[in-house]
Amino acid sequence: SKRRGKNCVEFFNIDMQREASQLMQLEEDLRHALSSRQLALAFQPIVNIEQDRVVAFEALVRWQHPEQGLLMPGHFIPAAEQSGLIIPLGFWVLRSVCQGLVARIEAQRDLVPVALNISPQQFRDKHFMTEVAAILRETGVPPDLLEFEITESTLMDNLDATIAILNALKGLGIRISIDDFGTGYSSLALLKQLPVDTLKIDRCFVKDIGENEEDRQIIQAVIAMSAQLDLDVIAEGVETVAQRDLLHAFGCRQVQGYFYGRPVIGAIPDTGRLLPHTA
Ligand code: C2E
Ligand code: CA
Ligand code: CA
Ligand code: CA
């Protein structure tokens, strides 16, 4: 709303004030949401397309706002990051996922790892490792059922610090994915230094894979690179059978997207359900 036509310039300051007070209200509401069970998790399957099997879920945060209804992360994660609330929010997500996994173990339900998103601030917070270790201890979750998704740009920010934190996480037994891969220009040489398990190819490369030769080449290069580094690859945002078939032809074995399942709010789901396209 700051980029409006010439005629709107005189309202610029009023708009900025309104935006600032809306942001403050959002922060206050979010602080309240954290302490009053308004946050929820949605789980989306990650599928092995050769075996037609759910191999993991990604946990995605949602806010059930009492007046505004269901809010998506794009609506409140930026405010959470700006206010520092992303740190308690992130730990709430981690603790909830751990408790959900332990509940499945106790109920003897099937188990696949659950991936969750770690924000840049959380990753750089000096209490991050102690807090993660405390939540693992407190919940008793098997750490190999957890995968932390960290964006490429967050990881590339300060490589020495990144490597130290990743090694500490690996030491606890947690798996690491590079999220939104392809948007941050990492080289093969850089990647080789990072103790990561998985690359998640950003949805923007998958979207036009049928029409855009450049996107196809990027995806093929990422798949070739991961094979060399012995990393898993997950293509994000797969919505159509055509996208799935192209990715399969390129040698990609794991995908996530609306084609296989949308994020669903609730407890961690069973893996056993029939996939839509096989039903
Ligand atoms: P992300 O980590 O890249 O998560 C994938 C996003 O793509 C999710 O949006 C998911 O619903 C959406 N998506 C999945 N498949 C498809 C598809 O086939 N087509 C399209 N168009 N979209 C698809 P969502 O849930 O709105 O989350 C957006 C972003 O918010 C996430 O992007 C992540 O960066 C952030 N986020 C979500 N949950 C958390 C969280 O618990 N903590 C932190 N720090 N960030 C989170
Ligand atoms: Ca993610
Ligand atoms: Ca992503
Ligand atoms: Ca993304």
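Residues numbered from 1 in each chain as written. Chains lettered and ligands numbered in written order. Predicted model: local features only at pLDDT ≥ 70, side-chain atom pairs only at ≥ 80, totals over all residues. Heavy atoms only, no water.

In the nomenclature of an unreviewed UniProt entry, the protein chain is known as EAL domain-containing protein of Marinobacterium rhizophilum.

Focus on the coordination of the calcium ion (ligand 2)
Around the calcium ion (ligand 2), the protein contributes the donor atoms Glu58 (OE), Asn117 (OD1), Glu149 (OE) and Asp179 (OD), at 2.1 to 2.4 Å from the metal centre. Mapped onto the polypeptide sequence, the residues donating to the calcium ion (ligand 2) form the spacing pattern E-x58-N-x31-E-x29-D. Separating the calcium ion (ligand 2) from the calcium ion (ligand 3) is a gap of 3.9 Å, bridged by Asp179, which donates to each. Of this pair, Glu58 sits in strand S2 (residues 53-65) while Asn117 sits in strand S4 (residues 114-117); the two residues are 59 residues apart in sequence, bridging distant segments of the chain. On the basis of relative accessibility, which here comes to 4%, the residue Glu58 falls in the buried class. (Donors = N, O, S within 2.8 Å, 3.2 Å for Na, K, Ca; no water. Helix = DSSP H or I, 4+ residues; strand = E, 2+ residues; numbered from the N terminus. Buried < 20%, exposed > 50% of the residue type's maximum accessible area, 1.4 Å probe, protein only.)

Topic: the layout of surface pockets
Space left empty within the atom packing is revealed by a probe, the size of a water molecule, rolled over the atoms. Roughly 1100 Å³ of internal volume is contained in the largest pocket. Lining the largest pocket are 38 residues, and of these Glu58, Leu60, Pro73, Asn117 and Asp179 sit closest to its centre. Breaking the lining of the largest pocket down by element, the ones donating at least two residues are strand S1 (39-48), S2, helix H2 (73-83), helix H3 (86-106), helix H4 (120-124), strand S5 (146-151), helix H6 (152-156) and strand S6 (175-181). In terms of residue count, the dominant contributor to the lining of the largest pocket is S2 (five residues). A per-class count over the lining of the largest pocket returns 15 nonpolar, 12 polar and 11 charged. Looking at the second largest pocket, it is lined by 16 residues, and the ones nearest its centre are Leu39, Ala40, Leu41, Trp92 and Ser96. (1 Å grid on protein atoms, 1.4 Å probe; cavity = no way out; pocket = protein on both sides within 12 Å on 5 of 7 lines; lining within 4 Å. Points joined across faces, edges and corners; volume = space filled by probe spheres on them. Nonpolar A, V, L, I, M, F, W, Y, C, P; charged D, E, K, R; others polar.)

Remarks on the pattern of salt bridges
Inspection of every chain in the model, using the stated rule, returns 14 salt bridges. Here Arg175 makes a salt bridge to Glu147, at a shortest N to O gap of 2.9 Å. Residue Arg175 is found in strand S6, and its partner Glu147 is found in strand S5; the two are separated by 28 residues along the sequence. Assessed through its relative accessible area of 26%, Arg175 is described here as partly exposed. One salt bridge in this structure joins Lys170 and Asp197, with 2.6 Å as the shortest N-O distance. (Salt bridge = Lys/Arg side-chain N within 4 Å of Asp/Glu carboxyl O.)

Things to note about the nonpolar core
Core analysis: the largest hydrophobic core is formed by 75 residues, its most contacted members being Leu146, Phe148 and Leu169. Considering every element that reaches this core, the biggest residue donor is H3, with nine residues. (Core = buried A, V, L, I, M, F, W, Y, C linked by side-chain atoms within 4.5 Å.)

Remarks on the side chain of Thr198
Inspection of the secondary structure puts Thr198 in strand S7 (residues 198-201). Residues in contact with Thr198, not counting those within four places in the same chain, are Glu147, Arg175, Ile176, Ser177, Ile178, Leu231, Asp232 and Ile234. (Contact = heavy atoms within 4.5 Å.)

Quick notes on the coordination of the calcium ion (ligand 3)
At this site the calcium ion (ligand 3) is bound by Asp179 (OD), Asp180 (OD), Glu236 (OE) and Glu236 (OE), with donor distances of 2.3 to 2.4 Å. Each donor residue of the calcium ion (ligand 3) lies on the same chain, and together they follow the pattern D-D-x55-E.

A word on the packing of aromatic side chains
Counted by the stated rule, this structure contains five aromatic pairs. A ring pair is formed by Trp63 and Phe76, whose centres lie 5.5 Å apart and whose planes are at 85°; its orientation type is edge-to-face. Linking Trp63 in strand S2 with Phe76 in helix H2, this pair joins segments that are 13 residues apart in sequence. On the basis of relative accessible area, Trp63 is assigned to the buried category, the value being 0%. Pairing Phe128 with Phe148 gives two aromatic rings, centres 6.3 Å apart and planes at 50°, and the pair type is tilted. Taken together, the positions of Phe128 in helix H5 (residues 128-139) and Phe148 in strand S5 put the pair 20 residues apart, joining distant regions of the chain. No difference in accessibility class separates Phe128 from Phe148, as the two residues are buried. An aromatic cluster is built from Phe91, Phe123, Phe128 and Phe148, whose rings are joined through pairwise contacts. Geometry around Tyr258 places Arg262 over its ring, the cationic atom sitting 3.9 Å from the centre. (Phe/Tyr/Trp six-rings, centres within 6.5 Å; stacked < 30°, edge-to-face > 60°. Lys NZ or Arg CZ within 6 Å of the ring centre and 35° of its normal.)

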